[in-house]
Amino acid sequence: QVQLVESGGGLVQDGGSLRLSCTTSRRSYAMGWFRQAPGKEREFVAAITWSGSNTYYADSVKGRFTISTVNAENTVYLQMNSLKPDDTAVYYCAAPTGPLFTSAMYWRPDQYDYWGQGTQVTVSS
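Residues numbered from 1 in each chain as written. Predicted model: local features only at pLDDT ≥ 70, side-chain atom pairs only at ≥ 80, totals over all residues. Heavy atoms only, no water.

When its secondary structure is counted, the protein chain shows zero helices and 11 strands. The globule rule puts the C-alpha radius of gyration for 125 residues at 14 Å, and the 13 Å found for the protein chain is close to it. Across the 125 residues in the protein chain, those meeting the buried criterion constitute 43%. Looking at the protein chain alone, contacts between residues at least 24 apart form 59% of all its contacts between residues at least 6 apart. As displayed, the protein chain has an accessible area near 6500 Å², and 47% of this comes from carbon and sulfur atoms. (Helix = DSSP H or I, 4+ residues; strand = E, 2+ residues; numbered from the N terminus. Rg over C-alpha atoms; globule rule 2.2 N^0.38 Å. Buried < 20%, exposed > 50% of the residue type's maximum accessible area, 1.4 Å probe, protein only. Contact = heavy atoms within 4.5 Å. Areas by Shrake-Rupley, 256 points an atom, 1.4 Å probe, with all protein chains shown as cover.)

A separate point is unusual backbone geometry. Here the phi dihedral of N74 falls at roughly 50°; this positive angle occurs in a residue that is not glycine. Here S82, not a glycine, exhibits a phi torsion of approximately 50°, which is positive. Looking at the element boundaries, S82 is found in the loop between β8 (75–80) and β9 (89–95).

Here we come to the sheet that holds strand β1 (residues 4–7). Spatial strand order, β1-β3-β8-β7: four strands in an open sheet with antiparallel pairing. Of all the strands in the sheet, just β1 and β7 (65–70) have a single pairing partner and so form its edges. Strand-to-strand twist of the sheet, defined as the mean angle between neighbouring strand axes without regard to direction, takes the value 15°. Pairing between β1 and strand β3 (residues 18–24): four bridges, direction antiparallel. Directly across from V5, in β3, lies its bridge partner T23. (Pairing = 2+ DSSP bridges. Axes fitted to C-alpha atoms, helices over the stretch in contact; angles between N-to-C directions.)

With that out of the way, let us pick up the nonpolar core. Grouped together as the largest cluster of nonpolar side chains are 37 residues, with contacts concentrated most on W33, L78, M80 and Y91. When contributions to this core are tallied by element, the ones reaching two or more residues are β3, β4 (30–36), β5 (43–49), β6 (55–57), β7, β8, β9 and β11 (119–124). (Core = buried A, V, L, I, M, F, W, Y, C linked by side-chain atoms within 4.5 Å.)

Let's shift gears to the packing of aromatic side chains. Within this structure, the stated rule accounts for seven aromatic pairs. Consider the rings of F34 and Y112, whose centres lie 5.0 Å apart with planes at 80°: the pair is edge-to-face. Taken as a pair, F34 in strand β4 and Y112 in the loop between β9 and β10 (114–115) lie far apart in primary sequence, 78 residues in all. Per residue, the accessibility class of F34 equals that of Y112, and both read buried. One aromatic cluster in this structure is built from F34, F44, Y92, W107, Y112 and W115. (Phe/Tyr/Trp six-rings, centres within 6.5 Å; stacked < 30°, edge-to-face > 60°.)

Okay, structure coming up:
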């Protein structure tokens, strides 16, 4: 079993920044970030291949969020800048068992097998 632990969530003002981290017990082929607000479906935020050579972002966060990895620490980061109230959600990191062979697969929660417990991000207006 792969164990994922997120941290870094909190309360921030509109326009502020937060940095989320996710530490995994095992290195994965790729890592993703998803978020879920009350009453809404879980949605894709960002993903990165194990090498860090490819990154993927939801249109809603492009230019504001940056995903990165530090392999020596088995850690994935999500730097979130220019936060908006609409970014308020529980953020989850996730890992697939194996590689994802098309870019479209990175957007799908059902392609990920392991999930963290989530960390709350609240952006006040």
